[in-house]
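Residues per chain, in single letters:
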Amino acid sequence: MSTVAEAAQARATATAGPEALTFAKALTTAMADALRTDANVVVFGEDVGTLGGVFRITDGLQKEFGAERCFDTPLAESGIAGMALGMAMNGLRPVIEMQFDAFAYPAFEQIASHIAKMHNRTRGAVRLPLVIRIPYAGGIGGVEHHCDSSEAYYAHTPGLKVFAPATVPDAYRMLREAIASDDPVVFLEPKKLYWSKDLVDLEALRAEFAAGPGHGGARRLSVDGAAVVARAGTDATLIAYGPSVPTALAAAEAAAAEGRSVEVIDVRTIVPFDDETVCASVRKTGRAVVVAEAAGFASVASEIVARVQERCFHSLAAPVRRVTGFDIPFPPPKLEHYYLPSVDRILDALDDLQWED
């Protein structure tokens, strides 16, 4: 470990206990800790080096770790993905940034045809420890090409893991686990949550990744394929991931004021999907609403509805509802509040669950 890295680590560990941390800073810290722990980790993409990324998520990484481990690339997403593929095949653990959700589409052929299939194509001989970071979804007043929710494309592609954190602790924890994974991970970062804050005990989080048998310092994978109950309830279940989780929690709070106890499930990892946690909640409450920003047709929300109906049919008191974006391209900034799932739309869906009172 370099003197600079040692000094940075000393600063990072100088304070113990909870501290206020933004979602963005949690991601930055996760990458910095992974870079310190494993010399094979590299970070690159458009403007991630000198500028520190459009959203400053990689700010300071090049200064600390040098231009060989955090560097800028040309504006060529297919080339970025292809280079990461070759690096991962040869022992490195690249973490690449696609800058904006829709900017990743030129790289989709590399992702779907090669990154997702290499392990299977080589009969398990080649693993691809590769993370594709994609700032995604709306809520920031952006225009089309900057606010897509493209998770369905990746979730539908066998061979990829798809992570969508919703909280500050999970931003750190899930990115560390993604970097430690030997399989390619599409890591979806909700842009509107970048500036959200929470009290986080970084040292406790780092302790989860004490050096051990895993890569990148990861001792175990605790989140991969594990949904979590974000709020307990008894009358209905809201199932959400990424940027929709805070909205679902706000709706549950509003429902409580109306006398309904609503449970909220944070899916966390879309692939692999945690049927057990989701279905245990629905079997308990008997009613469910899936909340997601993406358009509803042929969506991840549709898949969740199907899985719940198949596994929980005899426990359901009403059909499973969806509250999603509309089946249109992402609207102009002044209209996005009509498009995005809202507390009112979620409450309307809850009211539609065939209550007998």
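Residues numbered from 1 in each chain as written. Predicted model: local features only at pLDDT ≥ 70, side-chain atom pairs only at ≥ 80, totals over all residues. Heavy atoms only, no water.

Asks: Describe the overall build of the chain, naming the residues involved and giving the relevant values.
Replies: Secondary structure assignment for the chain yields 14 helices and 14 strands. For 357 residues, the compact-globule formula gives about 21 Å, and the C-alpha radius of gyration of the chain, at 20 Å, lands near that figure. Its C-alpha atoms give the chain principal-axis dimensions of about 65 × 45 × 45 Å. Within the chain, the proportion of its 357 residues that are buried is 55%. Relative to all contacts within the chain whose residues are 6 or more apart in sequence, the contacts with residues 24 or more apart total 80%. Between the centroid of the 33 positive side chains of the chain and the centroid of its 46 negative side chains there is a distance of 4 Å. (Helix = DSSP H or I, 4+ residues; strand = E, 2+ residues; numbered from the N terminus. Rg over C-alpha atoms; globule rule 2.2 N^0.38 Å. Buried < 20%, exposed > 50% of the residue type's maximum accessible area, 1.4 Å probe, protein only. Contact = heavy atoms within 4.5 Å. Lys, Arg positive; Asp, Glu negative; His and termini not counted. Charge placed at Lys NZ, Arg CZ, Asp CG, Glu CD.)

Asks: Now, about the packing of aromatic side chains: what can you tell me, with residues and values included?
Replies: In the structure shown here, the tally under the stated rule is 14 aromatic pairs. By way of ring pairs, the aromatic residues F23, F55, F100, F103, Y194 and W195 are connected into one cluster. Against the face of W355 rests R260, its NZ or CZ located 4.3 Å from the ring centre. Residue placement shows R287 over the ring face of W355; its charged tip is 4.1 Å from the ring centre. (Phe/Tyr/Trp six-rings, centres within 6.5 Å; stacked < 30°, edge-to-face > 60°. Lys NZ or Arg CZ within 6 Å of the ring centre and 35° of its normal.)

Asks: Tell me what's going on with the confidence of the model for the chain, and back it up with residues and numbers.
Replies: Residues shown with low pLDDT carry predicted positions that ought not to be read at fine detail. Scored by pLDDT, the chain has a mean of 92; 92% of the residues are at 70 or more. Counting contacts from residues 215–219, a segment whose pLDDT is below 50, to residues more than four positions away or on other chains yields 19 contacts. (pLDDT = per-residue confidence, 0-100.)

Asks: Give me the lowdown on the pattern of salt bridges, citing residues and values where you can.
Replies: Going through the model one piece at a time under the given rule, you end up with 23 salt bridges. The salt bridge involving D351 is made with R260; its shortest N-O contact spans 2.6 Å. Highlighted residues: D351 in helix 14 (residues 343–351) and R260 in the loop between helix 10 (244–257) and strand 11 (262–266), separated in sequence by 91 residues. Assessed through its relative accessible area of 44%, D351 is described here as partly exposed. Salt bridges linked by common partners bring D33, R36, E64, E203 and R206 together as one network. (Salt bridge = Lys/Arg side-chain N within 4 Å of Asp/Glu carboxyl O.)

Asks: Now, about the packing of helix 10 against helix 14: what can you tell me, with residues and values included?
Replies: Closest axis-to-axis distance for the helix 10/helix 14 pair is 9 Å, and the angle between their directions is 60°. When the axis of helix 10 is compared with that of helix 14, the two are oblique. Relative to helix 14, helix 10 is oriented so that their crossing is right-handed. Residues T247, A248, A250, A251, A254 and A255 of helix 10 form the contact with helix 14, whose participating residues are V343, I346, L347 and L350. (Axes fitted to C-alpha atoms, helices over the stretch in contact; angles between N-to-C directions. Parallel < 35°, antiparallel > 145°, perpendicular 65-115°, else oblique. Left-handed = near helix turned anticlockwise from the far one by under 90°.)

Asks: An account of unusual backbone geometry is needed here, citing residue identities and associated values.
Replies: Generally, phi is negative for residues other than glycine and the peptide bonds are trans, each holding for most cases. Residues V271 and P272 are joined by a peptide bond in cis, for which omega reads 0°. Its location among the elements puts P272 in the loop between strand 12 (269–271) and helix 11 (275–285). Positive phi values are uncommon outside glycine, yet D47 reaches one of about 65°. Within the fold, D47 resides in the loop between strand 2 (41–45) and helix 3 (61–65). On the basis of relative accessible area, D47 is assigned to the partly exposed category, the value being 33%.

Asks: Describe the sheet that holds strand 9 (residues 228–231), and please don't skip the residues or the numbers.
Replies: Within the open sheet, the five strands sit side by side as 9-11-10-13-14. Their pairing is mixed. Only two strands of the sheet have a single partner each, and these edge strands are strand 9 and strand 14 (321–325). Within the sheet, the average angular offset between the axes of one strand and its neighbour, ignoring direction, is 25°. Judged from the four bridges that link them, strand 10 (residues 236–240) and strand 13 (residues 288–295) form a sheet pairing that is parallel. Within strand 13, the residue paired with A240 across the bridge is V291. Most of the contacts of helix 11 go to strand 10, to which it runs at about 155°, and overall it touches strand 9, strand 10, strand 11 and strand 13. Sitting on the sheet, helix 12 (residues 300–312) is in contact with strand 10, strand 13 and strand 14, with an inclination near 170° to strand 14. (Pairing = 2+ DSSP bridges.)

Asks: Give a description of the packing of helix 11 against helix 12 that names residues and reports values.
Replies: Between helix 11 and helix 12, the least distance of the axes is 10 Å, while the angle of their chain directions is 65°. Every pair of crossing elements has a handedness; the one defined by helix 11 and helix 12 is right-handed. Mapping the contact onto sequence places D275, V278, C279, V282 and R283 in helix 11 and R307, V308, R311 and C312 in helix 12. A class-by-class count of the residues in the contact of helix 11 with helix 12 yields five nonpolar, no polar and four charged. (Nonpolar A, V, L, I, M, F, W, Y, C, P; charged D, E, K, R; others polar.)

Asks: Any chance you could break down the nonpolar core for me, citing the residues and the numbers?
Replies: The nonpolar side chains of soluble globular proteins are, as a tendency, buried together. In terms of nonpolar packing, the biggest core is built from 51 residues, with M98, I115, I132, I134, I239, Y241 and I304 touching the most fellow members. When contributions to this core are tallied by element, the ones reaching two or more residues are strand 2, helix 4 (77–89), helix 5 (108–115), strand 5 (131–136), strand 7 (185–190), helix 11, strand 13 and helix 12. Judged by nonpolar contacts, the second largest core, of 38 residues, contains F55, F100, M174 and I179. (Core = buried A, V, L, I, M, F, W, Y, C linked by side-chain atoms within 4.5 Å.)

Asks: Which residues make up the pairing of strand 11, and what values do they have?
Replies: Successive residues of a regular strand alternate their side chains across the two faces of the sheet. In terms of burial, strand 11 is largely enclosed, as five of its five residues are buried. Burial along strand 11 is two-sided: V262, V264 and D266 and E263 and I265, pointing in opposite directions, are all buried. Both strand 9 and strand 11 contribute to a ladder of three bridges, which runs antiparallel. Pairing of V228 across the sheet is with D266, part of strand 11.

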